[in-house]
Number of protein chains: 4
Amino acid sequence: MLIMKNLQTRLLSFSKERDWEQFHSPKNLVMALSAEVGELTEIFQWLTEEQSAALPKDKLEKVKEEIGDIQIYLARLADRLGIDPIEAAHSKIEKNKKKYPISKAKGIAKKYTEFRK
Amino acid sequence: MLIMKNLQTRLLSFSKERDWEQFHSPKNLVMALSAEVGELTEIFQWLTEEQSAALPKDKLEKVKEEIGDIQIYLARLADRLGIDPIEAAHSKIEKNKKKYPISKAKGIAKKYTEFRK
Amino acid sequence: MLIMKNLQTRLLSFSKERDWEQFHSPKNLVMALSAEVGELTEIFQWLTEEQSAALPKDKLEKVKEEIGDIQIYLARLADRLGIDPIEAAHSKIEKNKKKYPISKAKGIAKKYTEFRK
Amino acid sequence: MLIMKNLQTRLLSFSKERDWEQFHSPKNLVMALSAEVGELTEIFQWLTEEQSAALPKDKLEKVKEEIGDIQIYLARLADRLGIDPIEAAHSKIEKNKKKYPISKAKGIAKKYTEFRK
């Protein structure tokens with residue numbers, strides 16, 4: 001059940017049953033994904049970093065819902081483009097290993113393009 | 001390998017090796033997630049919906065990278081909060097089934113709060 | 001020169017000279033605005049709140065550029081829809097005065113819908 | 001009244017009266033700005049480009065409110081950093097004139113970094 005492909009298949013059915021495929025162009029799905037991230041951001045905007053790591057139960061439940069929404073649109077978008085987001089994440093980690101070697105990146109929150117400076 | 005938990009564990013190691021845990025408050029991870037969605041949005045902003053569904057190979061490769069980045073930060077954020085994003089997605093689908101019954105939602109891209117109108 | 005209408009007029013000329021009006025649907029301009037906010041977010045994502053209030057000169061210059069980009073797309077979008085964003089801001093402040101009366105909102109960073117709770 | 005500086009001054013009073021300055025670090029204001037852009041995005045996500053240019057009156061009113069919110073947080077953020085967003089926009093247009101000369105950019109929605117290709 002908790003396999004990405006299963007989620008993507010389920011979302012496709014959900015969308016087809018409602019005749020929503022017509023709205024789900026990749027462009028539109030990117031906007032929907034972005035709007036959901038906006039809702040997540042709203043929850044965190046006035047919290048300190050410490051507070052963000054110790055959410056009360058009702059806020060945590062709300063955050064879980066938003067994470068669900070974001071994962072839904074990310075999975076749908078990826079499915080429309082023939083991409084597995086988990087596989088894409090692992091590919092990106094391989095790249096990041098080269099861009100952020102431990103020797104240079106340790107304890108430093110800089111973009112790799114700033115290492116040269 | 002393509003299991004969410006494995007991705008989360010791998011990301012935790014990646015972060016710990018680089019001493020990056022200090023930067024990964026949920027608040028900061030939400031911002032990082034949001035910035036990555038911004039990069040994805042930039043790719044799609046001037047495309048028509050049709051163009052967005054027929055990306056040339058180099059753009060598709062770039063999109064895959066951004067989807068990877070988004071999945072990375074979503075998985076990391078969820079891990080910090082003890083959430084499995086795939087499970088959260090399925091929970092949300094259950095809710096959406098009630099909010100968007102086929103009889104009311106078919107072919108209509110409205111928010112459920114607008115059904116009453 | 002620093003009048004919103006002048007900025008909007010200048011942006012319209014800039015766009016027309018480049019034959020870019022064809023790309024500037026309100027939908028696309030919203031995405032462009034969102035992508036620029038993503039770039040701003042990236043600058044701030046790993047900073048503490050304190051660091052964000054004491055940016056070194058080069059970061060501040062970068063932030064100014066991003067604020068410029070955001071203002072550009074906000075002004076363009078508003079212009080396409082016949083809206084003056086400064087006037088819209090003042091209208092919203094009038095509404096916020098009612099939603100957030102000083103007596104209830106003082107020192108509290110809650111959404112007005114949470115006051116009842 | 002419709003001068004940016006006046007808006008910034010009014011927002012500062014609004015915030016001070018409510019003792020909200022403590023929440024308005026630049027980092028937090030960036031998040032608030034981003035969340036408002038998310039709300040704007042939600043309005044446009046399923047619209048075609050054509051529909052986005054012909055909004056019904058109630059949607060247009062909602063869009064005006066969101067544009068107001070975005071302008072509010074952009075003005076506040078800029079004020080905290082000593083920046084005039086209109087002036088920043090004009091500075092950016094000067095740069096864009098060089099990055100996007102009419103001869104190269106006419107009718108082409110590409111990023112300037114792609115011109116070389």
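Fair warning: this is a prediction, and the values are worked out from it, not measured in the lab.

What follows is about the interface of chain D and chain C. Counting from both sides, the interface comprises 71 residues of chain D and, opposite them, 70 residues of chain C. Between chain D and chain C, roughly 6300 Å² of surface is buried when both sides are summed, and carbon and sulfur atoms account for 68% of that area. Inspection of the chain D/chain C interface yields eight salt bridges. In this structure, glutamate 87 of chain C and lysine 64 of chain D form a salt bridge, with 3.2 Å as the shortest nitrogen-oxygen distance.

Moving on: the relation of the copies chain D and chain C. Each copy superposes on the other: chain D lies on chain C with an RMSD of 0.0 Å after a rotation of 180° and an axial shift of 0.0 Å. On the angle and the small slide along the axis, the relation comes out as a two-fold axis. If distances are taken from each C-alpha of chain D to the rotation axis, the shortest is found for isoleucine 3 of chain D, at 3.3 Å. Taken as a fraction of all interface residues of chain D, those also at the interface in chain C reach 99%, which identifies the copy contact as same-surface.

Let us now look at empty space enclosed by the protein. Empty space among the atoms becomes visible once a probe the size of a water molecule is rolled across them. Throughout the structure, instances matching the rule amount to one cavity of 30 Å³ or more. For the largest cavity, the calculated volume is near 120 Å³. Ser34 of chain A, Ser34 of chain B, Ser34 and Val37 of chain C together with Ser34 of chain D are, among the 15 residues lining the largest cavity, the residues nearest its centre. Where the lining of the largest cavity is concerned, the elements lending two or more residues are helix H2 (26-44) of chain A, helix H2 (26-44) of chain B, helix H2 (26-44) of chain C together with helix H2 (26-44) of chain D.

Definitions and cut-offs
- Residues numbered from 1 in each chain as written.
- Chains lettered and ligands numbered in written order.
- Predicted model: local features only at pLDDT ≥ 70, side-chain atom pairs only at ≥ 80, totals over all residues.
- Heavy atoms only, no water.
- Contact = heavy atoms within 4.5 Å.
- Buried area = accessible area lost by both parts, 1.4 Å probe.
- Salt bridge = Lys/Arg side-chain N within 4 Å of Asp/Glu carboxyl O.
- Least-squares fit on C-alpha atoms with pLDDT ≥ 70 in both.
- 1 Å grid on protein atoms, 1.4 Å probe; cavity = no way out; pocket = protein on both sides within 12 Å on 5 of 7 lines; lining within 4 Å.
- Points joined across faces, edges and corners; volume = space filled by probe spheres on them.
- Helix = DSSP H or I, 4+ residues; strand = E, 2+ residues; numbered from the N terminus.

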